[in-house]
Number of protein chains: 2
Amino acid sequence: MKAQIITIGDELLIGQTLNSNATYIGKVLTELQIDVQKQVVIGDDRQEILDELSSAWAKNDLIIITGGLGPTHDDITCQTIAEFFNAELEKNDDVLTDIKERFARLNRTMAQVNESQAMVPKIAAVIRNHNGTAPGLWIEKENKIMAVMPGVPFEMKQMMTGFILPKLSEKITGGNTVTKRLTLLTTGIAESTLFTKFGDVKEFLQGAKLAFLPSQFGVKLSLTVTEKDDESAFNKLNELEQKIRAFAGRYIYGKDDDDLAEVVGNLLNERGLTIAVAESCTGGNICSLLTNYSGSSKYLERGVVVYSNAAKVEILNVDEDVITNFGAVSKEVAKQMAEGVKAISGTDLGLSITGILGPTGGSVEKPVGTVFIGICNQNGCITQKFNFGDDRLLNKQRATQAALDIVRKHILGIPLDA
Amino acid sequence: MKAQIITIGDELLIGQTLNSNATYIGKVLTELQIDVQKQVVIGDDRQEILDELSSAWAKNDLIIITGGLGPTHDDITCQTIAEFFNAELEKNDDVLTDIKERFARLNRTMAQVNESQAMVPKIAAVIRNHNGTAPGLWIEKENKIMAVMPGVPFEMKQMMTGFILPKLSEKITGGNTVTKRLTLLTTGIAESTLFTKFGDVKEFLQGAKLAFLPSQFGVKLSLTVTEKDDESAFNKLNELEQKIRAFAGRYIYGKDDDDLAEVVGNLLNERGLTIAVAESCTGGNICSLLTNYSGSSKYLERGVVVYSNAAKVEILNVDEDVITNFGAVSKEVAKQMAEGVKAISGTDLGLSITGILGPTGGSVEKPVGTVFIGICNQNGCITQKFNFGDDRLLNKQRATQAALDIVRKHILGIPLDA
């Protein structure tokens, strides 16, 4: 099944809004082994929408559209789709009831403009919206499918998971081959170094596909295999994964959608370990990522954002002389911060980070990008120094990732790099 | 000047990577008053790339391409563009020198695959890459322009700001009309409530364009005016802004790219105020956003992530009986947390937040989404209760935004909503 995603909205075209909808839809369709051929962004313009609908309808079996279903004057997707199919708009009573009940539940007065959202093309089945007022549309014609959803991400996602993905799963009949994907997530190793470790990559892959996807969080290795059945595909992927782990295992922190903070949280949870975190340069970002996961209160006891030297001394008992002699950004202060936060919290582990993220504050000896990370347990403390780049926000992300990876390595007994 | 953006990469198509490049490029081209007609994502596939190049080249004056220039086997953009223009590839000595110097500077051995990145189509001028190994390409032909860049965001951005945008600025000659845009950023008011305040929106706008862009951070109002000259456009935008501020001013925290954490930081800085933050449910996210900006150490003295009750009591001197009687998520605990963090830090302001983000931990009385925010200065403390939704991460973002907005209102003397 070939698919195209069309996201409609001037705000996407002119770069006011990140197109997270296209990313999400691409991902979930791919998981269903639907072949996403193209993503297109166009503006809230009648002719542009009509042209793109024609071209996409001719080339694909499935078209997924988001955006332009809101209650305001700039939203024209619904009527333009009606025009494309030469279908009349008619008032849908279920939708009108949904909208009225929604306003009643929120104790708000329903605006007249919201009533117009109950007008849908006759050709379409309605997808109910539990998180907003605009209904989605499901159109089947000429053995093809068009699904239309609002652009608000959580309204769209509810329609995808609650209606569209189950419907598509039903439609997909078994083909002659099975495609499976696996992504291995690495951090702390450069793309070209990793690539070189593969040797002759074509020989290594034996017909499988491999993409290297670098970012500030590390390099993702995305493997795709196509085999005659589920079992062969599973075995082939498994074999490739083991071969890659044999030479790069220490850099691999997870698979597919794993997030390093979640991986670290799960490790802490499984081992029954608690942690406390003292952050200077990352400003709370390490704790914030760890607490993105429900249940994090089991292992994260507390965190402190010791931005000022006074806070380092008062909360963590860092020695003022050590700050004076070695500087707040130093191996020595990182060590005392990790020891201090562990001591006041009574946790198994103490993690600390101090650095110069820039753009100001660098020196010849300690340029912007210098970061020290410390970790300690009951047996003592180790620190590692990093030299990141010039960009404050990239440095923050890389420093956070490095700190979380040090916790991972520490728990798993993987020695740190020199 | 009409433009299309083509971002190439299977990782975008199958939703492994957010397409932040298209967003960034859309934004900066729009700022130059270049009319972005379309964004397209296609995979690393020779025929798909050739087809899209043909269609885009026929319809636009400018094509911007990113992705597929890396050193690995799956990167085929450069040779496919050479094929499209029927141009040979030749070794570029400047690029080879850049790559060699880069590896020497990083103290790394250059892999053979990196040398192939110095092969560029004869038709193209090279855009030097200061942050990576793949060069960019600048092609002018038939009075049209094609610019090609790597997909790694910070390599792409350096080429845009250092080479492409200055070149495009030169090319753009004055037209007969001037288009200007302004986005007003609101938070704490629903889209439909805001829309209703405009009355007859067409009459209100007098020919200008207005888009409502809702997200978890609030509703953005994006105004576009097209007038005969700079001054008229400026005046028209200004007049509309004043009219909107007259009825919605208290909800407007900024313009265009403003970020609420930056707005709050600037307000603290201008007034010479210091702040300390005690976070429970947001887990450090408020501090992390405040410290995204260089100079934040002037106003953010410290933060604490008091995830456990013990941390609330030990660090902030919250009364254990108050936690027992009212619960850790209560107005009373929020007040004591704000007072406590202000007292231990000696700051002008203390901010606190405690809540139930979900998915677990809710009760009938305090369902998931219940959040209390407290703020105090030398005159006392106020708290506000919020009822957000079911989604943990959305709740976290909304709670963080609400807390920052309370600081903004507090400093500006805007009363909180009932």
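Residues numbered from 1 in each chain as written. Chains lettered and ligands numbered in written order. Predicted model: local features only at pLDDT ≥ 70, side-chain atom pairs only at ≥ 80, totals over all residues.

Draft legend 1. A look at the overall build of chain A. Within chain A, the regular secondary structure consists of 16 helices and 17 strands. Here the C-alpha coordinates of chain A stretch approximately 80 × 60 × 40 Å along the principal axes. The buried share of chain A, reckoned over its 418 residues, is 47%. Considering only intrachain contacts with a sequence separation of at least 6, the fraction spanning at least 24 residues in chain A is 64%. (Helix = DSSP H or I, 4+ residues; strand = E, 2+ residues; numbered from the N terminus. Buried ≥ 20, exposed ≤ 12 C-beta atoms within 10 Å, placed from the backbone. Contact = placed C-beta atoms within 7 Å.)

Draft legend 2. Looking closely at the packing of helix H3 (residues 46–59) of chain B against helix H4 (residues 77–84) of chain B. All names here are of chain B. Put simply, H3 and H4 touch, their axes get as near as 10 Å, and they point 50 degrees apart. As far as their axial angle goes, H4 and H3 are oblique. Like other packed secondary-structure pairs, H3 and H4 cross with a definite hand, here right-handed. The segment H3 lies against H4, with Arg 46, Ile 49, Leu 50 and Leu 53 engaging Thr 77, Thr 80, Glu 83 and Phe 84. Its residues assigned to classes, the contact of H3 with H4 shows four nonpolar, two polar and two charged. (Axes fitted to C-alpha atoms, helices over the stretch in contact; angles between N-to-C directions. Parallel < 35°, antiparallel > 145°, perpendicular 65-115°, else oblique. Left-handed = near helix turned anticlockwise from the far one by under 90°. Nonpolar A, V, L, I, M, F, W, Y, C, P; charged D, E, K, R; others polar.)

Draft legend 3. Representation of helix H5 (residues 93–105) of chain B within the structure. Residues and elements named next belong to chain B. For H5, with 13 residues, the first-to-last C-alpha span of 18 Å sits near the 18 Å given by 1.5 Å per residue. Looking at the packing, one finds that the buried side of H5 touches helix H6 (112–115), strand S5 (119–121) and strand S6 (125–127). Just downstream of H5, Asn 107 is the residue with a positive phi angle, here 60 degrees. (Expected span 1.5 Å × (residues − 1).)

Draft legend 4. Structural context of the relation of the copies chain B and chain A. Its rotation angle being 180 degrees, the transformation that places chain B on chain A also includes 0.1 Å of axial translation and leaves an RMSD of 0.1 Å. Expressed as an axis order, the relation between the two copies is that of a two-fold axis. The residues that chain B uses at the interface reappear at the interface of chain A in 100% of cases, marking a shared surface. (Least-squares fit on C-alpha atoms with pLDDT ≥ 70 in both.)

Draft legend 5. Molecular detail of the pairing of strand S10 (residues 209–215) of chain B. Residue and element names in this part refer to chain B. Of all seven residues in S10, five are buried, a share of seventy percent or more. Two strands pair when backbone bridges link them, and S10 and strand S11 (residues 218–227) are joined in this way by seven bridges, in the antiparallel orientation. Bridging across to S11, Phe 212 finds its partner in Leu 221. What sits between S10 and S11 in their antiparallel hairpin is a turn of two residues. (Pairing = 2+ DSSP bridges.)

Draft legend 6. Broad picture of the sheet that holds strand S12 (residues 252–255) of chain A. All names here are of chain A. Spatially, four strands are ordered S10-S11-S9-S12 in an open sheet, and the strand pairing comes out antiparallel. The open sheet has two edge strands with one neighbour each: strand S10 (209–215) and S12. The sheet shows a mean angle of 20 degrees between the axes of neighbouring strands, taken without regard to direction. Where strand S9 (residues 178–186) meets S12, three bridges bridge the pair, whose relative direction is antiparallel.

Draft legend 7. Representation of the environment of Phe388(B). Residues and elements named next belong to chain B. Structurally, Phe 388 is set in the loop between strand S17 (380–387) and helix H16 (392–412). Given 22 C-beta atoms within a 10 Å radius, Phe 388 is considered buried. Each C-alpha atom, one on Phe 388 and one on Gly 295, is 32 Å from the other, the two residues being 93 residues apart in sequence. Those residues in contact with Phe 388 that sit more than four places away from it in its chain are Gly 369, Val 371, Asn 395, Arg 398 and Ala 399.

Draft legend 8. Up close: the interface of chain B and chain A. Contact with chain B, which involves 69 residues of that partner, is made by 70 residues of chain A. Tallying contributions element by element places helix H2 (residues 20–31) of chain B first for the side of chain B that touches chain A, with eight residues. Taken together, the residues of the side of chain B that touches chain A break down into 31 nonpolar, 28 polar and 10 charged. Bridge analysis of strand S2 (residues 35–42) of chain A against strand S2 (residues 35–42) of chain B gives three bridges, and the strand direction is antiparallel. Bridge assignment links Gln39(A) to a residue of S2(B), and that residue is Val41(B).

Draft legend 9. Up close: the domain arrangement of chain A. Taken domain by domain, chain A consists of domain 1 (2–171), domain 2 (178–255) and domain 3 (260–412). Averaged C-alpha coordinates put domain 1 of chain A and domain 2 of chain A at centres separated by 35 Å. (Domains from an automatic or database assignment.)

Draft legend 10. Local environment of unusual backbone geometry. Residue and element names in this part refer to chain A. Cis geometry marks the peptide bond from Gly 358 to Pro 359, where omega comes out at 0 degrees. Tracing the backbone shows Pro 359 in the loop between strand S15 (349–355) and strand S16 (370–377). Within the chain, Gln 33 stands out as a residue other than glycine whose phi angle is a positive 65 degrees. Mapped onto the fold, Gln 33 is located in the loop between helix H2 (20–31) and S2.

Draft legend 11. Representation of helix H7 (residues 153–171) of chain B within the structure. Residue and element names in this part refer to chain B. The sharpest bend along H7 measures roughly 45 degrees and falls at Met 160. For H7, the set of buried residues is Glu 155, Met 156, Gln 158, Met 159, Met 160, Ile 164 and Leu 168. Check the buried side of H7 and you find it contacts H2, strand S3 (62–66), S6, strand S7 (136–141) and strand S8 (144–149). (Bend = angle between axes of the 7 residues up to and from the residue.)

Draft legend 12. Structural detail: the sheet that holds S10(B). Residues and elements named next belong to chain B. Reading across the sheet, the four strands line up as S10-S11-S9-S12 and stay open at both edges, with antiparallel pairing between neighbours. Looking at the sheet topology across the chains shown, the edges are occupied by S10 and strand S12 (252–255). Going from strand to strand, the sheet's axes swing by 20 degrees on average, the running direction of each strand aside. Sheet strands touched by helix H10 (residues 230–248): strand S9 (178–186), S11 and S12. Its angle to S9, the strand with the most contacts, is close to 20 degrees.

Draft legend 13. Inspection of the packing of H2(A) against helix H7 (residues 153–171) of chain A at higher detail. Residue and element names in this part refer to chain A. Two elements in contact, H2 and H7, have axes whose closest approach is 10 Å; the angle formed by their N-to-C orientations is 20 degrees. Classified by the angle between their axes, H2 and H7 sit roughly parallel to one another. Here H2 runs over H7; the crossing is right-handed. Each of Ser 20, Asn 21, Tyr 24, Ile 25 and Val 28 in H2 lies in contact with H7, whose residues at this interface are Pro 153, Met 156, Lys 157, Met 160 and Leu 165. Split into classes, the residues belonging to the contact of H2 with H7 amount to seven nonpolar, two polar and one charged.

Draft legend 14. Representation of the environment of Gly350(B). Residue and element names in this part refer to chain B. Among the structural elements, Gly 350 can be located in strand S15 (residues 349–355). You can call Gly 350 buried: it has 25 C-beta atoms within 10 Å. Sequence spacing of Gly 350 and Val 407 is 57 residues, and the spatial spacing of their C-alpha atoms is 9.5 Å.

Draft legend 15. Molecular detail of the confidence of the model for chain A. Across chain A, pLDDT averages 92, with 99% of residues at or above 70. Both confidence scores are given for the complex: pTM 0.74, ipTM 0.73. (pLDDT = per-residue confidence, 0-100.)

Draft legend 16. Seen up close, the environment of Arg128(A). Residue and element names in this part refer to chain A. Topologically, Arg 128 is positioned in the loop between strand S6 (125–127) and strand S7 (136–141). For Arg 128, a count of 13 C-beta atoms within 10 Å translates into the label partly exposed. Along the sequence, Arg 128 and Gly 162 sit 34 residues apart, while their C-alpha atoms lie 9.5 Å from each other. Apart from the residues within four sequence positions on either side, Arg 128 is in contact with Asp 98 and Pro 135.

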